[in-house]
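Now for the letters of each chain:
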Amino acid sequence: MTNEIILISGLSVLALILLLGVMARMYRKAGPNEALIVYGIKGPRVVKGHGTFIIPMVESCRDLSMELMSFDVAPQQDLYTKQGVAVTVEAVAQIKVRSDQPSILTAAEQFLSKAPQQREGLIRLVMEGHLRGIIGQLTVEQIVKEPEMVGDRMRSTCADDMSKMGLEVISFTIKEVRDKNEYISNMGRPDVARIKRDAEMATAEAERDTAILRATATREAAVAKAQADQDRVIAETASQTRQAEAQRDLDIKKAEYAEQSRKQQASADKAYEIQANIMQQQVTAEQVKVQQVEKEGQIKVQEAEIARHEKELIATVLKEAEISRQRIEMMALAEKNRLTSEAEGRAAAIRTQGEAEASIIFQKGEAEAKAMNVKAVAYQEWNQAAVVDKLLTNMADVVRAMAEPLSKVDRITIVSTGNDGDAGVHKITGDMTKIAAQVPALFEALSGMDIKQLMSNVKAMKDKPANGEAKS
């Protein structure tokens, strides 16, 4: 019984192991970089990223790589550009199977039975054909200077054909562009020449700016140096001026001190001489007294000495009198000048006032004369004698008005040295003479007649009545 149980258990385990082994052989897994194409009784299906059971003899499966394929695209024949220039282009293409199930099935249909080299050959032929067409539409400059644009065109152009094969172009990069005629190498020469020319021009402009800045700096330095020299000369001149002024002030002070010293020395010397003279006089007086007491016989000598002293005193007194006289004369001369100026000022004021009042009277008389002319027109019966009588009647007032300024003078002080005929009394009498001389002119201006003729007419008029009476 026990043996049977052991046998049954062993057989069960063996069967289980065999079953697990069979199931393990039937289960297939698809990695993240591949797709499992299952085909059989149910038709093709795609297993991606997980596992599935494959029923033997009913289903089968194959692996399709989903990894990125990288290969060179380098046509052996020359490619001709839009300009007709033959170029050789080498590029690198990155292609992979699209991730959606229809694209995987399409790629499996196209490439699942082919080796990787065959698959890459087919893709390269398609891409070389598209590259030839794109290069023919572009210029060499565009191909060389805009490789990204060529890659974009390749991706957009190849997208339809690659999609039909279940593929997609991840990137297309041009590695190299060559030509046998050195077109590309010569293409950069104008730019190189232009760049070289621009560099030379920039260098020349930089050197010119440097030279200008250097000249400007040199000029500014020269100006600054000249300004500094000018300031230095001004400072030196000012310093020398101040030194000269200080030396002048010092010399003036020295001269003032020397003058004060001389004055003080002269005062001291004078005081010493005066004191010596006083002492000498005292000694002499004492000697005289002693000699008068002791030597009566030397009276004559003493008298002579006294006479000498008297002469000295007289000389001293006369000298002082002369000084006093000169001082008095100077004071008198100053007083005389002062009085003369005052007299001239008063006389001028009197004369000005007299002339002003005479002018007023003249204007008044002229106005009255005009009024009398009007009256004369109104009263034609008035004769010349009446006009003369009217003028003579008013003449006293005219003369009185002309002399009135002199009547207001209280006192006239006349100071004159007699050397000038226009000063003093002569000046006043001359003014009076001028005033008196203006009377005939004033009369003629008021009457419009010659005063001499008028006097003759008056005299004739006075004589005519007398002769009439005599006749009667």
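Preceding block: the structure.
These numbers were taken from a predicted model, which means no experiment stands behind them. (Residues numbered from 1 in each chain as written. Predicted model: local features only at pLDDT ≥ 70, side-chain atom pairs only at ≥ 80, totals over all residues. Heavy atoms only, no water.)

(A) Seen up close, the overall build of the protein. When its secondary structure is counted, the protein shows 11 helices and nine strands. Taking as baseline every contact in the protein between residues at least 6 positions apart, the subset at least 24 positions apart corresponds to 67%. Here the protein displays about 33,500 Å² of accessible surface, and carbon together with sulfur accounts for 57% of that area. (Helix = DSSP H or I, 4+ residues; strand = E, 2+ residues; numbered from the N terminus. Contact = heavy atoms within 4.5 Å. Areas by Shrake-Rupley, 256 points an atom, 1.4 Å probe, with all protein chains shown as cover.)

(B) Molecular detail of the pairing of strand β8 (residues 86–97). Here β8 lies mainly inside the structure; 11 of its 12 residues are buried. With five bridges joining them, strand β6 (residues 69–73) and β8 adopt antiparallel strand pairing. Residue aspartate 72 lies in a different strand from β8, and its bridge partner there is valine 92. Taken together, the two bridges between strand β7 (residues 79–80) and β8 define a ladder with antiparallel strand orientation. Bridging from a neighbouring strand, leucine 79 pairs with valine 87 of β8. Here β7 folds back onto β8 in antiparallel fashion, the turn holding five residues, of which glycine 84 has a positive phi close to 85°. Pairing of β8 with strand β9 (residues 167–179) involves 11 bridges; the strand directions are antiparallel. Residue pairing in the sheet places alanine 93 in a bridge with phenylalanine 172 of β9. (Buried < 20%, exposed > 50% of the residue type's maximum accessible area, 1.4 Å probe, protein only. Pairing = 2+ DSSP bridges.)

(C) View of the environment of valine 169. Looking at where valine 169 falls in the secondary structure, it is placed in strand β9. With 11 residues separating them in the primary sequence, valine 169 and cysteine 158 have C-alpha atoms 7.5 Å apart. Beyond its immediate chain neighbours, meaning those up to four positions away, valine 169 contacts Gln94, Ile95, Met127, Arg155, Cys158 and Met162.

(D) Here's a closer look at the nonpolar core. Formed by 41 residues in total, the largest nonpolar core has its most connected members in Ile95, Ile123, Met127, Leu167 and Phe172. Tallying contributions element by element places β8 first for this core, with six residues. The residues touching leucine 167, leaving out its near neighbours within four places in the chain, are Met69, Ile95, Lys96, Val97, Arg98, Phe111, Ile123 and Met162. Counting six residues, the second-largest nonpolar core is a separate cluster that includes Ala30, Leu36, Val47 and Ile54. (Core = buried A, V, L, I, M, F, W, Y, C linked by side-chain atoms within 4.5 Å.)

(E) Main features of the packing of helix α3 (residues 116–136) against helix α5 (residues 147–164). α5 packs onto α3 with a crossing angle of 130° between their chain directions and a minimal axis gap of 10 Å. Here α3 lies oblique to α5, going by the angle between them. Relative to α5, α3 is oriented so that their crossing is right-handed. The residues of α5 that touch α3, namely those facing Ile123, Val126, Met127, His130, Leu131 and Ile134, are Val150, Arg153, Met154, Thr157, Cys158, Asp161 and Met162. Classifying every residue of the contact of α3 with α5 gives nine nonpolar, two polar and two charged. (Axes fitted to C-alpha atoms, helices over the stretch in contact; angles between N-to-C directions. Parallel < 35°, antiparallel > 145°, perpendicular 65-115°, else oblique. Left-handed = near helix turned anticlockwise from the far one by under 90°. Nonpolar A, V, L, I, M, F, W, Y, C, P; charged D, E, K, R; others polar.)

(F) Broad picture of α3. In this model α3 runs 30 Å from its N-terminal to its C-terminal C-alpha over 21 residues, within 8% of the 30 Å that 1.5 Å per residue would give. Inspection of α3 places Arg119, Ile123, Met127, Glu128, His130, Leu131, Ile134 and Ile135 among the buried residues, and these make up the whole buried set. (Expected span 1.5 Å × (residues − 1).)

(G) Focus on the side chain of threonine 52. Turning to its location among the elements, threonine 52 is positioned in strand β4 (residues 51–53). Threonine 52 gets classed as buried once you look at its relative accessible area, which sits at 12%. A polar contact is formed between the side chain of threonine 52 and the side chain of arginine 45, at a distance of 3.4 Å. Discounting chain neighbours no more than four positions away, the residues touching threonine 52 are Met26, Tyr27, Arg28, Leu36, Val38, Arg45 and Val47. (Polar contact = N/O pair within 3.5 Å; in protein donor to acceptor, adjacent residues only side chain to side chain.)

(H) Seen up close, the pattern of salt bridges. Enumeration according to the criterion identifies 15 salt bridges in this entry. For glutamate 176, the salt bridge is made with arginine 178, and the minimal N-O distance between the two is 3.0 Å. Classification of glutamate 176 by relative accessible area gives partly exposed; the value is 34%. Exposure remark for arginine 178: the relative accessible area of 33% places this residue in the partly exposed category. Put simply, Glu90, Glu176 and Arg178 are held in one network by salt bridges that share partners. (Salt bridge = Lys/Arg side-chain N within 4 Å of Asp/Glu carboxyl O.)

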